[in-house]
Amino acid sequence: MSMMTYRQAVHDTLQSEMRRDPDVLLLGEEIGVFEGSYKITAGLLAEFGEKRVRDTPIAEEGFTGAAVGAAMLGLRPVVEIMTINFSLLALDQIINHAAKIYGMFGGQTSVPLVIRTPGGGGQQLGATHSQNIELFYAFVPGMKVVAPSTPADAKALLLAAIRDDDPVLFLENLALYNTRGEVPDDDTPAEIGRAAVTRVGADITLIGYSRMATVALAVAEDLARTDGIDVEVVDLRSLRPLDRETIVASVRKTGCAVVVEDDWLTYGIGAEIAATISDGAFDHLDAPVRRVAMAEVPLPYAKPLETAALPSAHDVARAVRETLDAVGWSAPALPTPETRS
């Protein structure tokens, strides 16, 4: 195991995969000479040269389309789109071409393409640079969408994405880049479409992905310490394909669920999770599924308003307590000095 940041895990995985497979190449704005807006590609131009680390014009539709063509011809391009907001400019190439070519060509050609892009608010970047629009891509058959929340998952899921023969949107979050964690030294890819139970519990299931999966885990640990609530945490990791079995199995065990997400409530990822729980665990529910999401507004620039609009740990903890209050849950009795002895 090595301790490193999320940023370093992504950088090192790109580097190791480029060393392993000469068909892996990088395309994106300012990823070469400038070494990327977030320094993910630092040093890669010097090591691999301009043929494999390609600085592109500010033209997302153009260089994403070029990457689709390169993937069809056997290369494994990894595109960096500076933020997920700019992927809107490449929507046609991603949704109408990358996602559909395998099916429309009857399986004669695949598109082994990875699109790396960070999203999320909290950085005072304004409404058009702070969105969580991964739903656009998770909605589309033919795409795979992964959202790692830890450095270890960033490595394992990026390995899986690069080696996959289908197009994969690799979702990062600006707030996660400097988070640290242990990362395995081996190059074992994760299974795309498999969620992780990051904390086993019995009272209620807390479900999130990307940044909110880390918030969920922190809230669960805090509630265990302060309230005696035994929270089970499910980190989705993959939005398409979605691991419905793990979600349903957890809620069948606990009987209660709260879903947390950084995007808007209406038509959000949480709605799909709630429907999944209704389909697979309805008879096991002791209370309605509760959802926590950001305010239904374009994210404000002003820091107090931005903070108020984003879901917080306090919001998540309150939703857990209110859900358990609704079913008459009571905290377990604390051990007395006599029982401790």
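This structure is a prediction, so every number in the text was calculated from the model and none was measured.

Attention now goes to the overall build of the protein chain. Within the protein chain, the secondary structure is distributed over 13 helices and 14 strands. Relative to the globule expectation of 20 Å for 341 residues, the C-alpha radius of gyration of the protein chain, 21 Å, shows essentially globular dimensions. Each of the three principal axes of the protein chain carries a C-alpha extent, and together these read 70 × 40 × 40 Å. Split into buried and exposed, the 341 residues of the protein chain put 53% on the buried side. Taking contacts inside the protein chain between residues at least 6 apart in sequence as the whole, the part at least 24 apart equals 82%. Carbon and sulfur atoms provide 56% of the accessible area of the protein chain, an area that totals close to 14,800 Å². Of the side chains in the protein chain, 29 bear a positive and 47 a negative charge, and the two mean positions are spaced by 2 Å.

Next up on the list: the pattern of salt bridges. If you walk through the whole model with that rule in mind, you get 22 salt bridges. In this structure, Arg163 and Glu17 form a salt bridge, with 2.9 Å as the shortest nitrogen-oxygen distance. Here Arg163 is found in helix 7 (residues 151-163), whereas its partner Glu17 is found in helix 1 (residues 6-20), with 146 residues between them in sequence. Here Arg290 ties to Glu322 by a salt bridge, and the two come within 3.0 Å at their closest N and O atoms. Of this pair, Arg290 sits in strand 14 (residues 290-294) while Glu322 sits in helix 12 (residues 313-326), and the two are 32 residues apart along the sequence. Glu322 sits in the partly exposed class, given a relative accessible area of 35%.

Further remarks concern the UniProt feature "domain: Transketolase-like pyrimidine-binding" (unreviewed entry) in the protein chain. The sites that UniProt annotates as "domain: Transketolase-like pyrimidine-binding" (unreviewed entry) are residues 4-179. Within residues 4-179, the helical portion is 35% and the strand portion 17%, while the C-alpha atoms at the span's ends are 8 Å from each other.

This part is about the nonpolar core. Formed by 43 residues in total, the largest nonpolar core has its most connected members in Leu113, Ile207, Leu236, Ile273 and Ile277. The set of elements that each furnish at least two residues to this core consists of strand 2 (24-28), helix 3 (60-72), helix 4 (91-98), helix 6 (135-138), strand 7 (168-173), helix 9 (244-254), strand 13 (257-264) and helix 10 (269-281). A domain-level breakdown of this core finds at least three residues from each of domain 1 (2-183) and domain 2 (196-327). The contacts of Leu113, once residues within four sequence positions are left out, are Ala67, Val68, Ala71, Pro77, Val79, Ala98, Asp166, Pro167 and Val168. Met82, Leu157, Phe170 and Tyr177 belong to the second-largest nonpolar core, a separate cluster that totals 31 residues.

Turning our eyes to something else, we now look at the sheet that holds strand 2. Spatially, the 7 strands line up as an open sheet ordered 3-2-4-5-7-6-12, and their pairing is mixed. Of all the strands in the sheet, the pair left with one neighbour each is strand 3 (53-55) and strand 12 (238-240). Each neighbouring strand pair of the sheet contributes to a mean axis angle of 20°, computed without reference to strand direction. Relative to strand 7, strand 6 (residues 144-146) is paired through 3 bridges, and the arrangement is parallel. What sits directly across from Val146, in strand 7, is Phe170.

Spatially, the 5 strands line up as an open sheet ordered 9-11-10-13-14, and their pairing is mixed. Looking at the sheet topology across the chains shown, the edges are occupied by strand 9 (196-199) and strand 14. The mean inter-strand angle of the sheet, taken between neighbouring strand axes irrespective of direction, is 25°. Here strand 9 pairs with strand 11 (residues 231-235) via 3 bridges, running antiparallel. Bridging across to strand 11, Val197 finds its partner in Val234.

Rules of the game
Think of each chain on its own: its residues are numbered from 1, step by step along the sequence as written. pLDDT decides what is reported in this predicted model: residues at 70 or higher carry local features, side-chain atom pairs at 80 or more are listed and counted, and totals for whole chains, interfaces and linings draw on all residues regardless. Note: side-chain values were computed over all heavy atoms of the structure, leaving out hydrogens and water. Secondary structure elements are taken from DSSP: a helix is a run of H or I of four residues or more, a strand is a run of E of two residues or more, and numbering for both begins at the N terminus. Just to be clear, the radius of gyration here is over C-alpha atoms, and the globule rule we use is 2.2 Å times residues to the power 0.38. Each residue's exposure class comes from its accessible area (1.4 Å probe, protein chains only) as a fraction of the maximum for that residue type: buried when under 20%, exposed when over 50%, partly exposed otherwise. The contact definition used throughout considers only heavy atoms, calling two residues in contact when any of these lie within 4.5 Å. Each accessible area value is a Shrake-Rupley result obtained with a 1.4 Å probe; residue values ignore everything except the protein chains displayed when judging cover. His is not counted, nor are the chain ends; Lys and Arg add positive charge and Asp and Glu add negative charge. By convention, charge coordinates are those of NZ in Lys, CZ in Arg, CG in Asp, or CD in Glu. Salt bridges are identified by distance alone: a Lys or Arg side-chain nitrogen within 4 Å of an Asp or Glu carboxyl oxygen. UniProt positions are given in the numbering used here, feature names are shortened, and annotations may be inferred rather than shown by experiment. Remark: nonpolar core denotes a set of buried residues (Ala, Val, Leu, Ile, Met, Phe, Trp, Tyr, Cys) joined through side-chain atoms within 4.5 Å. Segmentation of the chain into domains, including their bounds, is taken from an automatic or database domain assignment. Strand pairing is assigned whenever DSSP identifies at least 2 bridges connecting the two strands. Helix axes are fitted to C-alpha atoms over the stretch in contact, other axes to C-alpha atoms as well, and angles between N-to-C directions run from 0 to 180 degrees.

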